Amino acid sequence: MGDPLVPMALPAAERQRLEANLAAAEAELAKSPDSADALIWVGRRQAYLWQYRKAVATFTKGIDRFPSDPRFYRHRGHRYITLRNFDAAISDFEKAVLLIAGTKDEIEPDGAPNAKGIPRSTLHFNIWYHLGLAYYLRGDFANARRAFDQCMDVSKNDDSIVATSDWLWMTNMRMGDKAAAAKVLERITPTMDILENQSYHRRLLMYKGLEKPEALLDTANADDLTIATQGYGVANYYRVTGNLAKATEIYDKCWRVGSGRRSASSPRKWTAPSCRRGGVLVFVQGTGREVVDAKRPRHIRGHRALPPEVARYGFRLGRRVLRQRPALVGRHTRMIGASGDLSAPAYWRCWPGTRRRSGDSRPRSGAGHPRRCSG
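### Focus on the overall build of the protein chain
Here comes step 1: Of regular secondary structure, the protein chain possesses 16 helices and three strands.
Here comes step 2: In the protein chain, of all internal contacts separated by at least 6 residues, the share reaching a separation of at least 24 is 54%.
Here comes step 3: Here the protein chain displays about 18,500 Å² of accessible surface, and carbon together with sulfur accounts for 50% of that area.

### Examining helix 6 (residues 123-138)
Here comes step 1: With 16 residues, helix 6 ought to run about 22 Å at 1.5 Å a step, and its terminal C-alpha atoms sit 23 Å apart, in line with that.
Here comes step 2: The buried count for helix 6 comes to 15 of 16 residues, which makes it a mostly enclosed element.

### Things to note about the pattern of salt bridges
Here comes step 1: Tallied over the entire structure, the rule returns 17 salt bridges.
Here comes step 2: The salt bridge partner of Arg145 is Asp177, with a shortest N-O separation of 3.0 Å. With Arg145 in helix 7 (residues 141-153) and Asp177 in the loop between helix 8 (158-174) and helix 9 (178-184), this pair connects stretches of sequence that are 32 residues apart.
Here comes step 3: Residue class for Arg145 comes out partly exposed when judged on its relative accessible area of 23%.
Here comes step 4: Because the salt bridges share partners, they merge into one network encompassing Asp37, Asp69 and Arg71.

### Details of helix 3 (residues 52-65)
Counting along an α-helix, one turn takes 3.6 residues, and residues three or four places apart therefore face a common direction.
Here comes step 1: Along its 14 residues, helix 3 runs 20 Å from first to last C-alpha, staying within 8% of the 20 Å computed at 1.5 Å per residue.
Here comes step 2: Contact partners of the buried residues in helix 3: helix 2 (36-48) and helix 4 (70-82).

### Considerations on unusual backbone geometry
Here comes step 1: In this structure, Trp50 takes a positive phi of about 70 degrees despite not being glycine.
Here comes step 2: Mapped onto the elements, Trp50 comes out in the loop between helix 2 and helix 3.
Here comes step 3: On the basis of relative accessibility, which here comes to 28%, the residue Trp50 falls in the partly exposed class.
Here comes step 4: The phi dihedral of Arg84 falls on the positive side, at around 70 degrees, and the residue is not glycine.
Here comes step 5: Mapped onto the secondary structure, Arg84 falls in the loop between helix 4 and helix 5 (86-100).

### Looking at the side chain of Asn126
Here comes step 1: Relative to the helices and strands, Asn126 resides in helix 6.
Here comes step 2: Look at Asn126 and you get buried, because its relative accessible area is 5%.
Here comes step 3: Among the polar contacts made by the side chain of Asn126, one reaches the side chain of Ser121 at a distance of 3.2 Å.

### A short note on the packing of helix 4 against helix 6
Any two packed helices are characterised by how steeply their axes cross, that is the angle between the axes, and by the distance between the axes.
Here comes step 1: At a closest axis distance of 10 Å, the pairing of helix 4 and helix 6 adopts a crossing angle of 30 degrees. When the axes of helix 4 and helix 6 are compared, the crossing they make is left-handed. Contacts between helix 4 and helix 6 involve Pro70, Arg71, Arg74, His78 and Ile81 from the first element and Leu123, Asn126, Ile127, His130, Leu133, Ala134 and Leu137 from the second.
Here comes step 2: Classifying every residue of the contact of helix 4 with helix 6 gives seven nonpolar, three polar and two charged.

Definitions and limits used
Residues numbered from 1 in each chain as written. Predicted model: local features only at pLDDT ≥ 70, side-chain atom pairs only at ≥ 80, totals over all residues. Heavy atoms only, no water. Helix = DSSP H or I, 4+ residues; strand = E, 2+ residues; numbered from the N terminus. Contact = heavy atoms within 4.5 Å. Areas by Shrake-Rupley, 256 points an atom, 1.4 Å probe, with all protein chains shown as cover. Expected span 1.5 Å × (residues − 1). Buried < 20%, exposed > 50% of the residue type's maximum accessible area, 1.4 Å probe, protein only. Salt bridge = Lys/Arg side-chain N within 4 Å of Asp/Glu carboxyl O. Polar contact = N/O pair within 3.5 Å; in protein donor to acceptor, adjacent residues only side chain to side chain. Axes fitted to C-alpha atoms, helices over the stretch in contact; angles between N-to-C directions. Left-handed = near helix turned anticlockwise from the far one by under 90°. Nonpolar A, V, L, I, M, F, W, Y, C, P; charged D, E, K, R; others polar.

Structural data, given as structure tokens:
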């Protein structure tokens, strides 16, 4: 979302195992250069080693050679999601949807098998599931719900059902459709046959009131892996149920872990921006990136034009904000800050031709604190 992708450190033994798997897949492709299966496995093995752009290139080669095989669109779309290229992902999955129309579903082999070694997902499931995810991350909740509804139709085991249900519940709640969200939970029980999606299952039980969010995620003591895997769902639960401060706290920890540059427990630094023209500039806490220049609102008309720093926190600017005069910094701060989507949005008022002073650190906000950036 505007930040460099930094691979997580892999234990030496795990990296060695994954590299051996990739070497074996490449050897198999060398023996069977016309095999679509062999080419797919090379791309998948590259992705397991965080070589996402190489994987995209491999799947693109597959699309060129096997244009009617939906698996290449499915896997390339998945890697586009990883690379945060949601529009490209949506395009690939929509193409895959056309290619699977009227075809029989098939089990998709696991690259990282569960404890029982039983694959739980299918080609059709993964196409609809990741299409819904791409739309959700794009902020297009209506299309996300359409995709997840279709995904539910091809969810034939409890692992698939809970994975789809979790995202469908979040989508309905983000759309304000609590009745539809409640209906999603009707088939969720504590005794479901879950082999690999325990995190989804426990969150759904939390939505039903059968689990406490504190039991799923102890933010004070959770390690980085738990924050990354369970954090978003718990944060989103807090958000849609009205505890915006707690949601923001967990979103912030998820971002820090996901950035790969600092742990969830490390302090957040404030970065002063550079101001090269007049107006009120709005910055996301801690990033130093400009979100809005109030004198140039055309750059952010519509949700899809909002910068990714905003989308990461689910933070929106309404028309009322854009129409405010630049002098009303304090009014902006109170109105947007009260929404709770960002814990401390920072507003800088700058004058033309000025830049930040190198020693500045924490920006101030509020009508009484316009900061004049000087040389």
